[in-house]
Amino acid sequence: MKNLKFEYDKNGFCVSRSLFTKNEILNLDKKLKDFLKLKSKNLKGRDINRTSNNSINTLHDIDKYENYFSKFAEKKKILNLSKLLLNSEPEFRKCEMFAKPAKVGLKSPMHQDNFLWAVKNSNGLTFWVALDKCDKTNGGLSYYNGSHKYGLLEHESSFAPGTSQKIKKNFLNKIKKNCKLVTPKLNPGDVLIHHCLMVHGSNENKSKRSRRGFTIQFKDKRSDYNKKLLKNYEKKLKLQMKLRKQI
Ligand SMILES: O=C(O)CCC(=O)C(=O)O
C-alpha cells in the first residue's frame, strides 16, 4: 500500500495488480456482460454512447441502474486505499464502463477528470479496472506521467462521445514537452488508479480485441463541487448531445 501511495503522489497514478481476487473479477465481468445485454437499453441521453455501428462504447452512472456496482465500489479494501491516496475520507461519486469494442472503439481525447467533476479542492481519484488485456495496440489508457502537478488546464469541447472535453492544444503541448506518455500493459483484474488532475486519454481501438474498463470514482468528502464550473461543463455537454441528437 505504501508503494502505491508513493507512486500515486509522484506520478499521479499507480497500478495495483493484486487488489481483487480472480473470483471478484469473474463476477464483475459477468455482471457487466449481463448489464450490457439486459439493462443498457434503459440508459438514455448522457448515460450511453455508441459507436458508428451502434455498439456500446461508454456507459455512465451505471450504479444508478444496478446496485451491484455501488456495492462493489464500497468494498472495504477500495475505501481504505482511497482514504490513503486522498489523505482524506472518500466519498463515492459514480461507476462507469468504457467498453471500447474491437475494431470500432472510440478515442477518448486527452483530458483531466476534474474539468468534468469540478471538485473544489481537486482531490479525487478513479479506479480503472481492466477486464481485458490492455496495451497500446487496443486503445489502452495513457497517462502523461506527473501531469497532475500542473493544476487544472484549459479545456474545450471535443465532440467525442463519452469524453466531451479535451485539453486545449497549447496547454497540452506544454504537458507533452515536460511529461512522458505511458500506456501501462494490463491483464484482466489489474487496476489503474489516477488523480483527477492527471492528463489522460486513449486511442481508438482498431484491433480485433475488445478493451473494457470498469471505473469507480471518489472525491474528498470534505470538499464540495464548484457549481459554476459544473454548470459551464454541463452546458457544453448538452450542446454536443443536441448536435448528435442524443437529447
Ligand atoms: O477508458 C478510457 O479510455 C477513458 C477513461 C477515462 O477517461 C477515465 O476513466 O477517466
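Presented here is a report on the structure given in the accompanying data block. Since this is a predicted model, take the numbers as computed values, not measurements. (Residues numbered from 1 in each chain as written. Predicted model: local features only at pLDDT ≥ 70, side-chain atom pairs only at ≥ 80, totals over all residues.)

### Considering the overall build of the protein chain
The number of helices and strands found in the protein chain is seven helices and 13 strands. Each principal axis of the C-alpha atoms in the protein chain carries an extent, and together these give about 40 × 40 × 35 Å. Looking at the protein chain as a whole, 41% of its 247 residues are labelled buried. Considering only contacts within the protein chain whose residues lie at least 6 apart along the sequence, 84% involve residues at least 24 apart. (Helix = DSSP H or I, 4+ residues; strand = E, 2+ residues; numbered from the N terminus. Buried ≥ 20, exposed ≤ 12 C-beta atoms within 10 Å, placed from the backbone. Contact = placed C-beta atoms within 7 Å.)

### Remarks on the pairing of strand 6 (residues 124–130)
With seven of seven residues buried, strand 6 lies mostly within the body of the structure. Both faces of strand 6 are covered, namely the face carrying G124, T126, W128 and A130 and the face carrying L125, F127 and V129. Examined bridge by bridge, strand 6 and strand 13 (residues 213–220) share seven bridges and lie antiparallel to one another. Along strand 13, the bridge assignment pairs V129 with F214. By the bridge criterion, five bridges tie strand 6 to strand 11 (residues 191–195) in an arrangement that is antiparallel. Of the residues in strand 11, the one forming a bridge with F127 is I193. (Pairing = 2+ DSSP bridges.)

### Notes on the environment of L229
With respect to the helices and strands, L229 occurs in helix 7 (residues 227–243). Sequence-wise, L229 and V119 are 110 residues apart; in three dimensions their C-alpha atoms are separated by 9.3 Å.

### A few points about the sheet that holds strand 12 (residues 200–202)
An order of 5-12-7-10 is seen for the four strands of this open sheet, with the pairing classed as antiparallel. The sheet is open, and its two borders are formed by strand 5 (108–111) and strand 10 (181–182), each paired with just one other strand. Bridge count between strand 7 (residues 142–144) and strand 10: two bridges; the pairing is antiparallel. Its bridge partner being in strand 10, Y143 is matched across the sheet by V182.

### Things to note about the sheet that holds strand 4 (residues 90–98)
On the basis of which strands lie adjacent, the open sheet formed by seven strands has the order 1-11-6-13-4-3-2 and antiparallel pairing. Unpaired on one side and paired on the other, strand 1 (13–16) and strand 2 (48–50) mark the two borders of the sheet. Across this sheet, the average inter-strand angle for adjacent strands is 15°, counted without regard to direction. Helix-sheet contacts for helix 1 (residues 2–11) involve strand 1 and strand 11, and the interaxial angle to strand 1 is about 150°. (Axes fitted to C-alpha atoms, helices over the stretch in contact; angles between N-to-C directions.)

### Structural notes on helix 7
Compared with an ideal rise of 1.5 Å per residue, which puts 17 residues at 24 Å, helix 7 spans 24 Å between its outermost C-alpha atoms and is within 8% of the ideal. In the stretch just after helix 7, K245 is the one whose phi turns positive, near 60°. (Expected span 1.5 Å × (residues − 1).)

### Brief notes about the site of the ligand
Every residue near the ligand is listed here: F98, S108, D113, T126, W128, L141, T163, H200, S202, G213 and T215. The residue inventory of the shell around the ligand, partitioned by class, reads three nonpolar, seven polar and one charged. (Near = placed C-beta within 6 Å. Nonpolar A, V, L, I, M, F, W, Y, C, P; charged D, E, K, R; others polar.)

### Section: the nonpolar core
If you look at the biggest cluster of nonpolar residues, it comprises 47 residues, and the most contacted ones within it are F13, M97, F127, V129 and I193. Those elements that provide at least two residues to this core are strand 1, helix 3 (67–73), helix 4 (76–86), strand 4, strand 6, strand 7, strand 11 and strand 13. When residues of this core are assigned to their parent elements, the largest contribution, five residues, is made by strand 6. Apart from residues no more than four positions distant in its own chain, V129 is found in contact with V191, G213 and F214. (Core = buried A, V, L, I, M, F, W, Y, C linked by C-beta atoms within 7 Å.)

Take it as geometry only, folks, not as evidence of what the structure does.
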